[in-house]
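Single-letter residue listing:
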Amino acid sequence: MIFVLSILIQFFLSYLLGSISGSMLLGKLKKVDIRNMGSGNAGGTNALRTMGKKFALGVILIDIFKGYCAVEFLSTLYLFPDSINSSTSSLTPSICGFGAVLGHVYPLYYNFKGGKGAGTMVGILLSIYPFSLIFCLILWLISLTLTGYVGFSTIIAGIALPIYVTLFYNPGILTPFGIFTIFISIFILYTHRANINRMILGEENRFLNVMIFKRK
């Protein structure tokens, strides 16, 4: 029971940390709420479209930082030292990571209306398995320059993550982190369901200025 309680507390603290929204914090300084602008999403992409590069960069850095801190610090915050064992130490980074992503998407402080989890996931991967982050970012950039779709590129990177982990992660996919990547891949698809629907309808916005091949 102490083991379960310890993990639940770490998960909840990570959720509270994840609920801190970069766009909402910076939006208060600018006296704007980007959830009332553009696509209505509180993530970095909508921040870029509606508020510009500097604002979006600040949003992304905050969202990455909270994901990183959830894994680096909260996953090692053992309130019950006697409960620490090999199972605990391998499980808590993924548990805390998911808590941070969940908080970002459904923030407690902002009526459960947040972003889509990609920025926070970058911070988590930076802490747990940086090589997978490098692979996903390269794939994301390739997809973005070919299609101009940020959401679609994020989906592609999310799907590729567990595949990369299956092929290269040691000790393998059937670990807490490996299972976490499978679950988060599905979750990324879910949070981008509106993007998928807009792409099907031909209504999804593109960043045409980053595309290599443009339609004339």
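To be clear, the structure that these remarks concern was listed above.
(A) How the structure looks around the overall build of the protein chain. Each helix and strand in the protein chain was counted, giving ten helices and zero strands. Helices (α) and strands (β) of the protein chain occur, in sequence order from the N terminus, as α-α-α-α-α-α-α-α-α-α. Since a compact globule built from 216 residues should have a radius of gyration of about 17 Å, the 18 Å found for the protein chain is in line with a globular shape. Split into buried and exposed, the 216 residues of the protein chain put 46% on the buried side. Once local pairs closer than 6 in sequence are excluded, the contacts in the protein chain between residues at least 24 apart make up 66%. Considering the protein chain, the positive charge centre built from 16 side chains and the negative charge centre built from 6 side chains are found 14 Å apart.

(B) Region of interest: the packing of helix 6 (residues 118-128) against helix 7 (residues 130-147). Where helix 6 meets helix 7, the closest approach of the two axes is 6 Å, and the angle between their N-to-C directions is 135°. With respect to their mutual orientation, helix 6 and helix 7 come out oblique. Contact residues: V122, L125, L126 and I128 in helix 6; P130, S132 and L133 in helix 7. Classifying every residue of the contact of helix 6 with helix 7 gives six nonpolar, one polar and no charged.

(C) Seen up close, a nonpolar patch on the surface. On the surface, I20, L25, L108, Y109 and F112 cluster together into a nonpolar patch covering about 440 Å² of accessible area. Within the secondary structure, I20 is located in the loop between helix 1 (2-18) and helix 2 (22-30). Classification of I20 as partly exposed rests on a relative accessible area of 31%.

(D) Molecular detail of the pattern of salt bridges. Scanning all chains against the criterion turns up three salt bridges. A salt bridge links D33 to R35; the nearest nitrogen and oxygen atoms lie 3.0 Å apart. On the basis of relative accessible area, R35 is assigned to the buried category, the value being 13%. The salt bridge involving K66 is made with D63; its shortest N-O contact spans 3.4 Å. Of this pair, K66 and D63 both sit in helix 4 (residues 53-72), three residues apart, which is roughly one turn of that helix.

(E) Spatial organisation of the nonpolar core. Among the nonpolar cores identified, the biggest contains 20 residues, and V101, M121, L161, V165, F177, F180 and I184 are the most heavily contacted of them. Sorting the residues of this core by element identifies helix 5 (86-105), helix 6, helix 7, helix 8 (150-168) and helix 9 (176-191) as the ones contributing at least two each. If you look at the next biggest cluster of nonpolar residues, it comprises five residues, including I34, A47, A56 and V59.

(F) Summary view of helix 7. The end-to-end C-alpha distance of helix 7, which contains 18 residues, comes to 25 Å, matching closely the 26 Å that a straight helix rising 1.5 Å per residue would cover. For helix 7, every residue scored as buried is listed here: S132, L133, C136, S143, L144 and T147. The buried residues of helix 7 all sit within an arc of 100° when viewed along its axis, so they share a single face. For helix 7, the secondary structure elements touched by its buried residues are helix 6 and helix 8.

(G) Examining unusual backbone geometry more closely. In this structure, K31 is a non-glycine residue whose phi angle is positive, near 60°. Residue placement: K31 occurs in the loop between helix 2 and helix 3 (44-51).

(H) Representation of helix 4. Its 20 residues place the ends of helix 4 28 Å apart at the C-alpha level, agreeing with the 28 Å of an ideal helix rising 1.5 Å per residue. Listed in full, the buried residues belonging to helix 4 are F55, A56, V59, D63, I64, K66, G67, C69, A70 and V71.

(I) Structural view of the packing of helix 4 against helix 6. Running from amino to carboxyl end, helix 4 crosses helix 6 at an angle of 40°, the nearest separation of the two axes being 6 Å. By the angle class used here, helix 4 and helix 6 are oblique. The crossing of helix 4 and helix 6 is right-handed. Across the interface between the two elements, D63, I64, K66, G67, Y68, V71 and E72 of helix 4 pack against G119, T120, V122, G123, I124, L126, S127 and I128 of helix 6. Partitioned by chemical class, the residues of the contact of helix 4 with helix 6 number seven nonpolar, five polar and three charged.

(J) A look at the packing of aromatic side chains. A complete count under the given rule lists 13 aromatic pairs for this structure. Arranged with centres 4.7 Å apart and planes meeting at 25°, the rings of F135 and Y164 form a pair that is stacked. Of this pair, F135 sits in helix 7 while Y164 is found in helix 8, placing the two residues 29 residues apart along the sequence. According to the relative accessible area criterion, Y164 is buried, its value standing at 14%.

Definitions and cut-offs
Residues numbered from 1 in each chain as written. Predicted model: local features only at pLDDT ≥ 70, side-chain atom pairs only at ≥ 80, totals over all residues. Heavy atoms only, no water. Helix = DSSP H or I, 4+ residues; strand = E, 2+ residues; numbered from the N terminus. Rg over C-alpha atoms; globule rule 2.2 N^0.38 Å. Buried < 20%, exposed > 50% of the residue type's maximum accessible area, 1.4 Å probe, protein only. Contact = heavy atoms within 4.5 Å. Lys, Arg positive; Asp, Glu negative; His and termini not counted. Charge placed at Lys NZ, Arg CZ, Asp CG, Glu CD. Axes fitted to C-alpha atoms, helices over the stretch in contact; angles between N-to-C directions. Parallel < 35°, antiparallel > 145°, perpendicular 65-115°, else oblique. Nonpolar A, V, L, I, M, F, W, Y, C, P; charged D, E, K, R; others polar. Patch = residues over 30% accessible without salt bridge, like charges linked within 9 Å, V, L, I, M, F, W, Y side chains within 5 Å. Areas by Shrake-Rupley, 256 points an atom, 1.4 Å probe, with all protein chains shown as cover. Salt bridge = Lys/Arg side-chain N within 4 Å of Asp/Glu carboxyl O. Core = buried A, V, L, I, M, F, W, Y, C linked by side-chain atoms within 4.5 Å. Expected span 1.5 Å × (residues − 1). Arc of directions from axis to C-beta. Left-handed = near helix turned anticlockwise from the far one by under 90°. Phe/Tyr/Trp six-rings, centres within 6.5 Å; stacked < 30°, edge-to-face > 60°.

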